[in-house]
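Here are the chains, one letter per residue:
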Amino acid sequence: MDQRVREHAEVLVDWSARIESGDDVVVSVSEGAHELAVAVAEAIGERGANMVQLYASAEASRAYLRAHPGDFEVGEHELALVENADVGLRLGASRNTSATVDVDGETRAAHSKAQEALREAWMDLDYVSTLHPTRALAQQAEMSYEAYQDFVYDAILRDWQALADEMAQMKEVLDAGSEVRLVVGDHTDVSMSIEGRTAVNSAASVAYNSSNLPSGEVFTAPYGTEGEVSFDVPMTFRGKQVRDVHLVFEDGEVVEYSAGVNEDVLGDILDTDEGARRLGELGIGMNPGIDRFTDNILFDEKMRDTVHLAVGRAYDANLPEGESGNDSAVHVDMIADVSEESRLAVDGEVVQRNGVFRWEDDFEG
């Protein structure tokens, strides 16, 4: 086994999930994540925790969704398992990134809505999602397998405490702010309110309200969105790559949309439910180990020189106690490159220009 797989498991168990003796742990293992699953199981065993593994196959999911008559219900047996766990881990590792591409949008939406209680149960856990490199993912990233492995581990095996300390500066700015405005070239000028919201310093650990490894972003839950925004980073949604997305917001809601490629996929997402046309997240990428786009949201949204907006569900960690944010069965991130001709301002003060933050030496005020 590549030693980096064991290091990945150690970071996941200790830094990210903070697993301790006696914890009840549910581990969802994708079909390509066998090596990482072995290393994670060993680490969990060494810490004296209790483990149940679930098999997660995209091809099996395709077979189930295409065969089902469409009246989906949450599986009470799986719900009970998750509700009684302390920690949840998801080990992603696709063998075929287009395995479910021929499941129709209506079926996807119905299944997603039925799974809401299960998603909530996972959110109530100390849960972390991560990814094991596979040849399919390397192909999607247009990289050799060896180069993709190097990329993945450079993003994951970092000094997370040092990055957390740097990102705390961005969190402080957002927590004190009322309005964010993003301007990029002549195609994006969008404003959103963040008054009363709490930003998350997503440093790849449940101790930082972070559920991703790798992470490296600061995000909050905006509302009252006005303006237009273009997303120039292609992303794969539901097995199809969507390119050149443009959204127009009025009164916080998407009123116009377009995409250069697979616009119907974007339309299906926005039509999922009422909340799917409102923003659930504004995120600022800050992971220096992610230096290129790979068509995988887990990595791409954390890349420096990017800002992402997600339509759909808002996260409770961003909201005041007892307050509900935007609710939806979807949470779909879309990414904008802000390395050139851009500025991100909070209450009129520029905090990032052309991808450079104001506390960095080469920032241009």
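Scroll up to find the structure this text is about.
One structure accompanies this document, and this report is about it. None of the values given here were measured: they were computed from a predicted structure.

Considerations on the overall build of the protein chain
Here comes step 1: Looking only at helices and strands, the protein chain features 11 helices and 20 strands.
Here comes step 2: On the principal axes, the C-alpha backbone points of the protein chain span a range of 50 × 50 × 45 Å.
Here comes step 3: With 365 residues in all, the protein chain has 53% of them scored as buried.
Here comes step 4: Here the protein chain displays about 15700 Å² of accessible surface, and carbon together with sulfur accounts for 42% of that area.
Here comes step 5: Here the protein chain contributes 28 positive and 73 negative side-chain charges, whose respective centroids are spaced 3 Å apart.

Let's talk about the packing of helix H4 (residues 76-83) against helix H6 (residues 116-124)
Here comes step 1: H6 packs onto H4 with a crossing angle of 15° between their chain directions and a minimal axis gap of 9 Å. Considered as vectors, H4 and H6 are oriented roughly parallel to each other. Between H4 and H6 lies a crossing of left-handed hand. Contacts between H4 and H6 involve Glu78, Leu79, Val82 and Glu83 from the first element and Ala117, Leu118, Ala121 and Trp122 from the second.
Here comes step 2: Here the contact of H4 with H6 is built from residues that sort into 6 nonpolar, no polar and 2 charged.

Here's the deal with the nonpolar core
Here comes step 1: Among the nonpolar cores identified, the biggest contains 92 residues, and Leu89, Leu91, Tyr148 and Leu247 are the most heavily contacted of them.
Here comes step 2: Every residue in contact with leucine 89, bar those within four places of it in the chain, is listed here: Leu12, Ala17, Ile19, Val25, Val26, Val27, Ser28, Val40, Ile44, Trp122 and Val128.
Here comes step 3: Counting 10 residues, the second-largest nonpolar core is a separate cluster that includes Val26, Ala85, Trp122 and Tyr127.

Considering the pattern of salt bridges
Here comes step 1: Counted under the stated rule, the structure contains 19 salt bridges.
Here comes step 2: When the shortest N-O distance is used, the salt bridge between glutamate 166 and arginine 304 registers 2.6 Å. Here glutamate 166 is found in helix H9 (residues 160-176), whereas its partner arginine 304 is found in the loop between helix H11 (297-300) and strand E16 (306-312), with 138 residues between them in sequence.
Here comes step 3: You can call arginine 304 buried: its relative accessible area is 16%.
Here comes step 4: Measuring nitrogen to oxygen at the nearest pair gives 3.4 Å for the salt bridge that ties glutamate 253 to arginine 278. Taken together, the positions of glutamate 253 in strand E14 (residues 253-258) and arginine 278 in the loop between helix H10 (263-270) and strand E15 (279-285) put the pair 25 residues apart, joining distant regions of the chain.
Here comes step 5: Residue arginine 278 is classed as partly exposed on the basis of its relative accessible area of 29%.
Here comes step 6: Counted as one network, the salt bridges with shared partners bring together Glu10, Asp14, Glu46 and Arg47.

A few points about the packing of aromatic side chains
Here comes step 1: Enumeration according to the criterion identifies 7 aromatic pairs in this entry.
Here comes step 2: Relative to phenylalanine 151, the ring of tyrosine 148 has its centre 6.1 Å away and its plane inclined at 25°; by these criteria the two rings are stacked. Of the two residues, tyrosine 148 and phenylalanine 151 are both situated in helix H8 (residues 145-156); the distance of 3 residues between them amounts to about one turn of the helix.
Here comes step 3: Ring pairing ties together the aromatic residues Tyr148, Phe151 and Phe299, which thus form one cluster.
Here comes step 4: Residue placement shows arginine 135 over the ring face of tyrosine 145; its charged tip is 4.1 Å from the ring centre.

Description of the pairing of E16
Here comes step 1: By the criterion of burial, E16 is predominantly enclosed, with 7 of the 7 residues buried.
Here comes step 2: Bridge count between E15 and E16: 5 bridges; the pairing is antiparallel. Across the sheet, residue isoleucine 284 finds its bridge partner in E16, namely valine 307.
Here comes step 3: Examined bridge by bridge, E16 and strand E17 (residues 331-337) share 7 bridges and lie antiparallel to one another. When the bridges of E17 are listed, leucine 309 appears paired with methionine 334.

Structural notes on a negative patch on the surface
Here comes step 1: Judged by side-chain charge, Asp71, Glu73, Glu76, Glu83, Asp124 and Asp316 come together as a negatively charged surface patch.
Here comes step 2: On the secondary structure map, glutamate 76 appears in helix H4.
Here comes step 3: The class of glutamate 76 is exposed, set by a relative accessible area of 53%.

Observations concerning the sheet that holds strand E1 (residues 24-30)
Here comes step 1: Ordered in space as E2-E1-E3-E4-E8, the 5 strands form an open sheet in which the pairing is parallel. A single partner strand is all that each edge strand has here, and the edge strands are strand E2 (50-56) and strand E8 (212-213).
Here comes step 2: Note that E1 and E2 share 7 bridges and pair parallel. Looking at the pairing, aspartate 24 lines up with asparagine 50 of E2.
Here comes step 3: Contacting strand E3 (87-92), strand E4 (126-131) and E8, helix H1 (residues 3-16) crosses the sheet at an angle of about 160° to E4.

Focus on the pairing of E1
Here comes step 1: For E1, the tally of buried residues reaches 6 of 7 residues, placing the bulk of the element in the interior.
Here comes step 2: A crossover connection joins E1 to the parallel E2 through helix H2 (residues 34-46); in handedness this β-α-β unit is right-handed.
Here comes step 3: Taken together, the 5 bridges between E1 and E3 define a ladder with parallel strand orientation. If you follow serine 28 over to E3, its bridge partner there is arginine 90.

Quick notes on the rules
- Residues numbered from 1 in each chain as written.
- Predicted model: local features only at pLDDT ≥ 70, side-chain atom pairs only at ≥ 80, totals over all residues.
- Heavy atoms only, no water.
- Helix = DSSP H or I, 4+ residues; strand = E, 2+ residues; numbered from the N terminus.
- Buried < 20%, exposed > 50% of the residue type's maximum accessible area, 1.4 Å probe, protein only.
- Areas by Shrake-Rupley, 256 points an atom, 1.4 Å probe, with all protein chains shown as cover.
- Lys, Arg positive; Asp, Glu negative; His and termini not counted.
- Charge placed at Lys NZ, Arg CZ, Asp CG, Glu CD.
- Axes fitted to C-alpha atoms, helices over the stretch in contact; angles between N-to-C directions.
- Parallel < 35°, antiparallel > 145°, perpendicular 65-115°, else oblique.
- Left-handed = near helix turned anticlockwise from the far one by under 90°.
- Contact = heavy atoms within 4.5 Å.
- Nonpolar A, V, L, I, M, F, W, Y, C, P; charged D, E, K, R; others polar.
- Core = buried A, V, L, I, M, F, W, Y, C linked by side-chain atoms within 4.5 Å.
- Salt bridge = Lys/Arg side-chain N within 4 Å of Asp/Glu carboxyl O.
- Phe/Tyr/Trp six-rings, centres within 6.5 Å; stacked < 30°, edge-to-face > 60°.
- Lys NZ or Arg CZ within 6 Å of the ring centre and 35° of its normal.
- Pairing = 2+ DSSP bridges.
- Patch = residues over 30% accessible without salt bridge, like charges linked within 9 Å, V, L, I, M, F, W, Y side chains within 5 Å.
- Right-handed = clockwise from strand over helix to strand, strands pointing away.

In short, the description is geometric, and any link to function would need to be established separately.
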